[in-house]
Amino acid sequence: MCDCNSTEKSIYLPELAPITKVAMMNETEMYMHLDHDIGHKPGQFVEVSIAGIGEAPISISSSPTEAGFDMVIRKAGRVTDIMHQMQAGDKLGIRGPFGSGYPIDEMKGKDLVFVCGGIGLVPQRSMINYIMDNRADFGKIAILQGTKEFAQRIYHDELERWAGVDGVQVLETIDVAHDSWNGNVGVVTTLIDKIDGIDLTKAVNLICGPPIMYKFVLMVLQEKEVSHENIFVNLERRMKCGVGKCGHCQMNGQYVCQSGPVYRYSDLANIPEAI
Amino acid sequence: MSIKKLNKDVFKSFVDSMIASDQSVVGVKEKVQAKGNKFAFGPLENADQLRLDYDVTLIPPKKYMLPQTETLLTYEVKGESKQHVDEQKLILVGVHPYDMIAINQMDELFSQDEYDTHYMTRRNNITVIACDVVNASENIFASSMETAVVEKGFDILLTDLGKGKEYVAEAITEKGEALLATAVDATDADDKDIAKRSAIQEANKKDLDKHTLNCKPSELSSLLEQAYEHPVWEEKAKTCFSCGSCNTTCPTCYCFDVQDLVNWNLKDGQRERSWDGCLLKDFANVAGDHNFRKQKESRFRHRLYRKGKYVPTKIGGQVACVGCGRCVGACVPDIANPVAVYNRLLEDIKP
Amino acid sequence: MSKPRVAIFDFACCEGCQLQIVNLEEEILDLIGAVDVVEWREAMSEQSEEYDIAIIEGSITRPEDEERIKDIRSKAKVLIAIGACATTGGLNKLKNNFDDLEEVKKCVYSDASTMPHLETAMTKAVDEVVTVDYKVHGCPIEKAEFGSIIRSLLLGKAPEIPDYPVCVECKKNENVCRWEYGEICLGPIIRAGCGAKCPTASYRCFGCRGYVDDPNVNAAVDVMDKYGLTVDQLKSKMVLFGSKQGPTL
Ligand SMILES: Cc1cc2nc3c(=O)[nH]c(=O)nc-3n(C[C@H](O)[C@H](O)[C@H](O)COP(=O)(O)OP(=O)(O)OC[C@H]3O[C@@H](n4cnc5c(N)ncnc54)[C@H](O)[C@@H]3O)c2cc1C
Ligand code: SF4
Ligand code: SF4
Ligand code: SF4
Ligand code: SF4
Ligand code: SF4
Ligand code: FES
């Protein structure tokens, strides 16, 4: 037995990287930035490791056009609780990037509709900011963001910034009315009819949100006769290894950590466990 | 490479000299707890302990490549981690063909895409002496799964030509050749010996059939293509305990869990992986108590799809049930038998 | 950072679980090094007013116990129930099988049964009276598991407590299944964590750790037929640790 590195590097070995910035976005979500380039594509994720506590798969929230990467952490259990106690200068173990990411080439030149629920905006932002930095390559953009409660909104500044960009419309709603909110009230699907000047059937529609949201959004897109080829969903599963070995993320024959978490909806036709 | 013949005494001293060498030797032994009629792989102290006439071991030899629990990393809590790789050399004696085929499948799975150095280092440090089956176990169906004989993966293949009086031993790797060369009194096997061996193997291809699958293993994938909503899943899973015994005894199950442990100083510890099972209730559970396979029947179905359809797509179509029959005997309510399920589907569906 | 203050309290039980803690041997020194034990039975009579972790052993069987446990809860940041008596009611729940507790008392203590300290009520597990944060199961508890749960908590991490059956650990230990010997082993419906102690020592599991969260008790009934056993035989095996603890037959 030995702890030496005489063999190949373990795929389970994280690399330590310091957190350079943290900020609370609301009561449960924390923003983090790491000045650590991992060569990711929009839509990929990392495994964050805190030795002694465990690992958690976390989406990369920033575009590869920016240095380092961003994450947004919702307090949900062991690893994420401890992450919430961390400050700039503390170190996190990182493995990855993992997963397939968004189909950028196919999205080029097309109109794009992002439908996001809650922290579903987090991974979508990696693509949205990529588009912002390569604006000429893409058509019109609609960003639909639905949040349960006013206090849970995230990335508001950024939503505002995007709204000011040429050819980009941002539509936001909250499920429950609130005194300080004069915007839309209702679930995210109610925003779909408000999209201006985009033919949904020709656009690429990208959905990310909590598991229960997909059914409803897909139902509306179905009514609008959007073909399943033009819909992409971003799925969450339990993950342990991130590298296609442990079996936890499997949905039917697909390993979400490898072939996902972004899927073309038509590719899921034979994957009944997907949605 | 050579094919040798070893009589009883030569074989015995061959095993004893292996044990006396500086390598650890594990082989099939009687399980003392079970008064000798059950078998398990364990460290050999002398050649007499080795029982090559065993029927099946309680759990498969995969425990030497993928131990029940193993350390992946050692670390400073909230700090640096170091990888931990077990580089112990081992000779593994008495692996049956179906278990060998299962190991060959795992070798492929752990080395493809992302190379798992923890598994592969162990694997590469093991010299495998496989052996043809002498006594069929109660639930074996290797004949149906085309796993009654094996052609690769091992270093030496032993065939008992009759009651342990004579063995044919064939080395197919350099490692095996070097090891077999230590049996200095072995003679070259002649055509008659090799013909006897073929006869034994041909018989096994037919006789390891306590259950019979009513289709070819290669047809399972297209059978399952049409069986997702079949009532059999619910029928069978009604009495499922979600105990995972069908996973923990299976030579081709390799799902694992990872957990972090910490020592009493609260400063260092280790990250461990251990066997998990897709039949266990929380296998696909995520935050917010959302369970992607909440129903017993969906977990029960997942395992049989994994064996017959999902894993095969990763390993060139090989079916990931090798017909060892362990899950059949391990399942207290007796619902885990893959043949019973697949045959039930075949009553209603044409693959 | 000051050490977390830990208090240990016992209710109705045999104190076997505390013995397990004492039996931690070398580890007990590590434990004492890592925490401040502010209260451990009568040994420390002075009531400290607050504790980070309260460890409760035993079940709640008398009305005054209920007051006491509520008081402890109000002072504890984290409350852990240890041992079957505390986590499920354990053996103490046997008495709940009787409708008339006065009868039980007479039977157990005969003439002394009217003494005030023998006042009794239906047995309750700790979580039937107050919120329990974590449970260390078993009768008695496993020292190794207890140690690792405490270390987890000291790190500020919720301990991983298995919710799968004993069979998982039993198979990993390469045991021959007790059912093959015609014994009614409760392993398939009982929570793991003991390392399948009993089957590993050639005894059936009698269920001291309590049920998994969603035990398939009906399946247990179905398998009786297969093994030529009766449901009554199964019931008789479940009574010891399964009395009035959720799913029954
Ligand atoms: C591809 C992907 C991207 C994700 N991106 C983000 C993100 O950007 N921000 C964010 O806050 N969260 C994200 N999550 C969810 C996040 O991974 C889980 O909340 C996290 O793993 C919980 O870990 P924990 O140690 O904090 O909780 P634990 O203490 O491990 O568990 C708490 C609960 O979570 C369940 N759980 C265990 N492992 C997982 C798992 N791998 N995924 C989900 N639930 C699990 C447990 O069953 C338990 O119910 C993502 C998940 C996936 C699969
Ligand atoms: S599924 Fe059953 S019979 Fe097939 S390999 Fe696994 S344990 Fe053996
Ligand atoms: S061994 Fe049988 S009872 Fe246990 S999980 Fe498998 S199918 Fe269910
Ligand atoms: S659980 Fe058992 S050992 Fe522990 S105190 Fe109760 S009766 Fe005693
Ligand atoms: S002996 Fe008991 S615990 Fe072990 S596998 Fe059999 S039923 Fe399960
Ligand atoms: S095997 Fe069963 S009875 Fe024995 S210690 Fe474990 S849970 Fe308790
Ligand atoms: S997370 Fe382990 S296989 Fe996908």
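Residues numbered from 1 in each chain as written. Chains lettered and ligands numbered in written order. Predicted model: local features only at pLDDT ≥ 70, side-chain atom pairs only at ≥ 80, totals over all residues. Heavy atoms only, no water.

Q: What exactly am I supposed to notice about the overall build of chain A here?
A: Scanning chain A from terminus to terminus reveals six helices and 15 strands. The C-alpha radius of gyration computed for chain A amounts to 19 Å, which stays within 12% of the reference 19 Å derived for 275 residues, consistent with globular compactness. Oriented by its inertia axes, the alpha-carbon framework of chain A measures out at about 65 × 45 × 35 Å. Taking all 275 residues of chain A together, 57% fall into the buried category. Surface exposure of chain A reaches about 11,000 Å², of which carbon and sulfur atoms provide 48%. Between the mean site of the 25 positive side-chain charges and the mean site of the 35 negative ones, chain A shows a separation of 3 Å. (Helix = DSSP H or I, 4+ residues; strand = E, 2+ residues; numbered from the N terminus. Rg over C-alpha atoms; globule rule 2.2 N^0.38 Å. Buried < 20%, exposed > 50% of the residue type's maximum accessible area, 1.4 Å probe, protein only. Areas by Shrake-Rupley, 256 points an atom, 1.4 Å probe, with all protein chains shown as cover. Lys, Arg positive; Asp, Glu negative; His and termini not counted. Charge placed at Lys NZ, Arg CZ, Asp CG, Glu CD.)

Q: For this particular structure, what's the right way to read the interface of chain B and chain A?
A: Where interface size is quoted, it is often the accessible area lost as the parts come together. Of the residues lining the interface, 51 residues belong to chain B; the matching set on chain A comes to 44 residues. With both sides pooled, the region where chain B packs onto chain A buries about 4,200 Å², and carbon together with sulfur makes up 51% of that total. A per-residue breakdown of the area chain B buries against chain A is headed by Lys78, Gln83 and Phe292 of chain B, which together make up 16% of the total. Across the chain B-chain A interface, the total number found is three salt bridges. Note that glutamate 55 of chain A is salt-bridged to arginine 271 of chain B, the shortest N-O span being 3.6 Å. The interface formed by chain B and chain A contains 31 residue pairs in polar contact (both at pLDDT 80 or more). Elements with a minimum of two residues in the side of chain B that touches chain A: strand E4 (69-76), strand E5 (81-83), helix H2 (97-111), helix H3 (117-124), strand E11 (256-262), strand E12 (268-275), strand E13 (285-286) and helix H10 (296-314) of chain B. (Contact = heavy atoms within 4.5 Å. Buried area = accessible area lost by both parts, 1.4 Å probe. Salt bridge = Lys/Arg side-chain N within 4 Å of Asp/Glu carboxyl O. Polar contact = N/O pair within 3.5 Å; in protein donor to acceptor, adjacent residues only side chain to side chain.)

Q: Sorry, what's going on with the domain arrangement of chain A here?
A: All names here are of chain A. Segmenting chain A into domains produces domain 1 (15-97) and domain 2 (104-268). Distance from the C-alpha centre of domain 1 to the C-alpha centre of domain 2: 21 Å. On the domain 2 side, the residues contacting the 22 residues of domain 1 number 24 residues. It is Pro42, Phe45 and Ser61 in domain 1 that bury the most area against domain 2; as a group they hold 26% of the surface buried on that side. Linking domain 1 with domain 2 are one salt bridge. Of the charged contacts in the structure, one is a salt bridge between arginine 125 and aspartate 70, with a shortest N-O distance of 2.9 Å. Where domain 1 meets domain 2, there are nine residue pairs in polar contact (both at pLDDT 80 or more). Contributions of two or more residues to the side of domain 1 that touches domain 2 are made by strand E2 (29-34), strand E3 (45-50), strand E4 (54-59) and strand E5 (69-74). For the side of domain 1 that touches domain 2, a count of residues per class yields eight nonpolar, seven polar and seven charged. (Domains from an automatic or database assignment. Nonpolar A, V, L, I, M, F, W, Y, C, P; charged D, E, K, R; others polar.)

Q: Whenever I open this one, the site of ligand 4 confuses me. Can you help?
A: The environment of ligand 4 is formed by Cys13, Cys14, Glu15, Gly16, Cys17, Glu57, Gly83, Ala84, Cys85, Gly138, Cys139 and Pro140 of chain C. Elements supplying a minimum of two residues to the shell around ligand 4: helix H1 (16-22) and helix H4 (84-87) of chain C. (Near = heavy atom within 4 Å.)

Q: Just to check I follow, could you spell out the site of ligand 3 for this structure?
A: As a structural note, the neighbourhood of ligand 3 is formed by Cys240, Phe241, Ser242, Cys243, Gly244, Ser245, Cys246, Leu279, Phe300, Cys331, Pro333 and Ile335 of chain B. Class assignment for the residues of the shell around ligand 3 results in nine nonpolar, three polar and no charged.

Q: I would appreciate a short explanation of the side chain of threonine 127 of chain B in the present structure.
A: All names here are of chain B. Mapping threonine 127 onto the fold places it in strand E7 (residues 126-131). Accessibility expressed as a relative area gives 6% for threonine 127, which makes it buried. In this view, threonine 127 contacts Gln23, Leu90, Ile91, Leu92, Asp155, Lys175 and Leu179; residues no more than four positions away in its chain are not counted.

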